[in-house]
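Results of the structural survey
Spelled out from the first residue to the last, the chains are:
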Amino acid sequence: MVVREITAEAASNIALIKYWGATDLASALPVNPSISMTLSRCRSRCSATFHEGESGEDEILLLPERGGQLETAPREFREPIAAHLTRLRTAFERPGRFRIATHNTFPAAAGIASSASGFTALTLAASRALGEPLDAEQLSQWSRRSGSGSAARSAFGGWVEWPRGPGEGEAHAFQLAGEDDWQVSDLVTIVASDAKKVSSREGHRRAPTSPYFPQRQAQLPRRLEVVRRAIAERDFSAMAETVEEESIDLHLIAMSSNPAIFYWRPTTLAVLERVRELRRDGLPVCSTMDAGPNVHVLCLPEVEQQVLPELEAIEGVERVLSDRTGGAPVWREGAEL
Ligand code: PMV
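Residues numbered from 1 in each chain as written. Predicted model: local features only at pLDDT ≥ 70, side-chain atom pairs only at ≥ 80, totals over all residues. Heavy atoms only, no water.

We now examine the overall build of the protein. The secondary structure content of the protein amounts to eight helices and 14 strands. In terms of C-alpha radius of gyration, the protein reaches 19 Å, essentially the compact-globule figure of 20 Å for 337 residues. Reported as C-alpha extents along the three principal axes, the dimensions of the protein are approximately 65 × 40 × 40 Å. Across the 337 residues in the protein, those meeting the buried criterion constitute 56%. Total accessible area on the protein stands at roughly 13,600 Å², and carbon and sulfur atoms take up 49% of it. Here the protein contributes 37 positive and 46 negative side-chain charges, whose respective centroids are spaced 3 Å apart. (Helix = DSSP H or I, 4+ residues; strand = E, 2+ residues; numbered from the N terminus. Rg over C-alpha atoms; globule rule 2.2 N^0.38 Å. Buried < 20%, exposed > 50% of the residue type's maximum accessible area, 1.4 Å probe, protein only. Areas by Shrake-Rupley, 256 points an atom, 1.4 Å probe, with all protein chains shown as cover. Lys, Arg positive; Asp, Glu negative; His and termini not counted. Charge placed at Lys NZ, Arg CZ, Asp CG, Glu CD.)

Set out below in structure tokens:
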């Protein structure tokens with residue numbers, strides 16, 4: 001019996017232009033294009049062992065953030081993973097049983113898109129363990145089919161655009177610029193590290209119920225152009241206001257959806273205001289957020305040491321993770337977890 005063991009690592013990404021609203025939720029086809037920066041330290045590591053031809057349930061294990069022992073993942077974590085493994089096994093016509101073990105280096109489900117890095121690492125490890133090497137575009141497409149759209153962007157390093165493909169086949173991301181072309185810092189300001197109450201999937205579903213959804217769509221072509229140009233010209237200040245406006249808009253849509261979703265906590269607002277003050281004082285800094293209460297504070301690396309203590313000093317901030325532009329997913333032989 002053939003047994004293949006692979007370990008893959010993929011980083012999370014932070015969207016500058018957001019995916020919020022789907023034309024097909026199950027396979028994550030977006031209403032609009034999005035643009036992101038792949039991170040470096042906020043990563044998921046996944047070991048996949050494939051027992052070809054063996055029957056039985058897949059084993060899905062999780063190593064807690066702060067280390068310790070591998071444990072069986074909770075049901076809500078296991079189910080989408082098991083469904084994705086079945087999707088891959090069926091598509092590549094390889095019957096068999098998986099053992100999956102994963103670990104995140106950041107608090108899961110707190111608006112740091114652990115599903116993006118998690119599903120990209122899983123897709124890379126599992127496809128290799130099946131004996132099916134995927135190129136970056138295929139990895140992007142298969143990661144997206146997990147239902148986590150932002151995973152489409154974690155298949156690439158650096159600066160990434162995920163267009164609104166005309167059809168399922170085209171819906172994969174591509175790289176706008178590499179991580180060595182432009183480095184930007186992301187000070188991930190954690191104001192709450194408990195799991196979020198409303199999933200992004202539910203947020204996508206409710207988004208079109210907001211009366212402001214069409215207005216946001218109308219703004220996007222201009223915003224996309226501003227961010228694409230800023231990345232091409234490595235001009236942080238040219239995109240700072242637009243990135244911030246776009247993120248506030250996502251939350252405006254969430255707050256005005258039916259039923260409404262409030263991801264913000266009081267400390268979230270304190271961080272957003274402080275970042276605006278710092279920018280007014282002349283620092284190259286702006287904020288952006290995913291579907292959670294935490295704030296990604298983007299700035300140029302040369303001012304990171306100035307910005308960091310300002311964020312840590314805000315009452316209610318739990319901790320600040322210092323991250324920056326990172327590279328593409330990697331894989332190697334062997335099950336490390
Ligand atoms: O990838 P999902 O389905 O978890 O959705 C991601 C939604 C946001 O993080 C809020 C925006 C984005 O583009 O990453």
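Membership of the largest hydrophobic core comes to 37 residues, with the highest contact counts inside it found for L85, F98, I100 and L122. Taken together, the elements giving at least two residues each to this core come down to β1 (3-17), β4 (34-52), β5 (59-63), α1 (75-91), β7 (96-104), α2 (114-129), α3 (136-144) and β8 (159-162). The residues contacting I100, other than those within four sequence positions of it, are C46, S47, A48, E59, I60, L61, L85 and L122. Residues I231, A240, V243 and C286 belong to the second largest nonpolar core, which totals 27 residues. (Core = buried A, V, L, I, M, F, W, Y, C linked by side-chain atoms within 4.5 Å. Contact = heavy atoms within 4.5 Å.)

Counted under the stated rule, the structure contains zero disulfides. Free cysteine C286: the closest other cysteine sulfur is in C299, separated by 9.0 Å. Classification of C299 by relative accessible area gives buried; the value is 0%. (Disulfide = S-S within 2.5 Å.)

What helix α8 (residues 304-312) keeps buried is the set E304, V307, L308 and L311. Looking down the long axis of α8, one finds its buried residues gathered within 105° of arc, a one-sided arrangement. For α8, the elements touching its buried residues are β10 (185-190), α7 (266-280), β11 (285-288), β12 (295-299) and β13 (319-324). (Arc of directions from axis to C-beta.)

Glancing now at the site of the ligand. Close to the ligand lie 15 residues; Y19, S150, R153, S200 and H204 are nearest. Note that an oxygen atom of the ligand is positioned 3.2 Å from one of the backbone N or O atoms of G149. For the ligand, an oxygen atom lies 3.1 Å from a polar atom in the side chain of D290. Residues of the shell around the ligand, tallied by class, amount to five nonpolar, seven polar and three charged. (Near = heavy atom within 4 Å. Polar contact = N/O pair within 3.5 Å; in protein donor to acceptor, adjacent residues only side chain to side chain. Nonpolar A, V, L, I, M, F, W, Y, C, P; charged D, E, K, R; others polar.)

Here we take up the packing of aromatic side chains. Enumeration according to the criterion identifies four aromatic pairs in this entry. Between F92 and W142 the ring centres are 5.5 Å apart and the planes differ by 50°, which places this aromatic pair in the tilted class. Residue F92 is located in the loop between α1 and β7, and its partner W142 is located in helix α3; the two are separated by 50 residues in the primary sequence. Classification of W142 as buried rests on a relative accessible area of 14%. In this structure, R145 packs its charged tip against the face of W142, placed 4.5 Å from the ring centre. (Phe/Tyr/Trp six-rings, centres within 6.5 Å; stacked < 30°, edge-to-face > 60°. Lys NZ or Arg CZ within 6 Å of the ring centre and 35° of its normal.)

By the secondary structure assignment, R206 is in helix α4 (residues 200-206). One polar contact links R206 to E202, side chain to side chain, over a distance of 2.8 Å. Other than its neighbours up to four places away in sequence, R206 contacts V198, S257, N258, P259, A260 and I261.

Shape descriptors only; they carry no functional weight alone.
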